[in-house]
Amino acid sequence: MTPDEVAAYLRISKATVYSKRCRGEFPEGSVVKPFGKLMFLREKIDQLIADSIEPPLGRSK
């Protein structure tokens, strides 16, 4: 996925995508640079979302 696609997918700005990347907030191995172009692996972005799901109220993880 391109940074634009990640931004649309996560409903955040492209600037936030770049900021999060610089701060190392994406899962390890999610960012690749084939031919010098910044790309993100969809599977790792989906894992980021899955890991962020909060448990229902009144229950602990």
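Residues numbered from 1 in each chain as written. Predicted model: local features only at pLDDT ≥ 70, side-chain atom pairs only at ≥ 80, totals over all residues. Heavy atoms only, no water.

Trainee: Sorry if this is basic, but what is going on with the overall build of the chain here?
Mentor: Per the secondary structure count, the chain includes 3 helices and 2 strands. Its helices and strands taken in sequence order, the chain reads α-α-β-β-α from the N to the C terminus. In terms of overall size, the chain is more extended than a compact globule, its C-alpha atoms giving a radius of gyration of 13 Å where 61 residues would be expected to give roughly 10 Å. Considering only C-alpha atoms, the chain reaches an extent of 45 × 20 × 20 Å along its principal axes. Counting across all 61 residues of the chain, residues that qualify as buried make up 18%. Long-range pairs, those at least 24 residues apart, make up 28% of the contacts in the chain between residues at least 6 apart in sequence. Only carbon and sulfur atoms are counted for the fraction: they give 54% of the accessible area of the chain, which is about 4,700 Å². (Helix = DSSP H or I, 4+ residues; strand = E, 2+ residues; numbered from the N terminus. Rg over C-alpha atoms; globule rule 2.2 N^0.38 Å. Buried < 20%, exposed > 50% of the residue type's maximum accessible area, 1.4 Å probe, protein only. Contact = heavy atoms within 4.5 Å. Areas by Shrake-Rupley, 256 points an atom, 1.4 Å probe, with all protein chains shown as cover.)

Trainee: Explain the environment of G24 here, please?
Mentor: Mapped onto the fold, G24 is located in the loop between α2 (14-22) and β1 (31-32). Residue G24 is classed as exposed on the basis of its relative accessible area of 53%.

Trainee: I keep staring at helix α1 (residues 3-10) and nothing clicks. Help me out?
Mentor: Residues three or four positions apart in an α-helix share a direction because the helix packs 3.6 residues into each turn. Turning to α1, its buried residues are P3, V6 and A7. One side of α1 carries all its buried residues, which in axial view fall inside an arc of 100°. Residues of α1 that are buried sit in contact with α2 and β2 (39-40). The positive-phi residue at the C-terminal boundary of α1 is R11, with phi of around 60°. (Arc of directions from axis to C-beta.)

Trainee: What's the story with the nonpolar core in this structure? I'm lost.
Mentor: Here is a general trend for soluble globular proteins: nonpolar side chains tend to be buried in one another's company. With 8 residues, the main nonpolar core is built from M1, V6, A7, V17, F26, L38, F40 and I45. Once residues within four sequence positions are removed from consideration, F40 is found in contact with M1, T2, P3, V6, V17, F26, S30, V31 and I45. (Core = buried A, V, L, I, M, F, W, Y, C linked by side-chain atoms within 4.5 Å.)

Trainee: Whenever I open this one, the pattern of salt bridges confuses me. Can you help?
Mentor: Close approach of charged atoms allows side chains of opposite charge to pair. One pass over the full model with this rule turns up 3 salt bridges. In this structure, K14 engages D4 in a salt bridge whose closest nitrogen and oxygen atoms are separated by 3.5 Å. Highlighted residues: K14 in helix α2 and D4 in helix α1, separated in sequence by 10 residues. Overall, the relative accessible area of 37% leaves K14 in the partly exposed class. Residue K20 is joined to E25 by a salt bridge in which the shortest nitrogen-to-oxygen separation is 2.9 Å. Through salt bridges with shared partners, one network takes in K20, R23 and E25. (Salt bridge = Lys/Arg side-chain N within 4 Å of Asp/Glu carboxyl O.)

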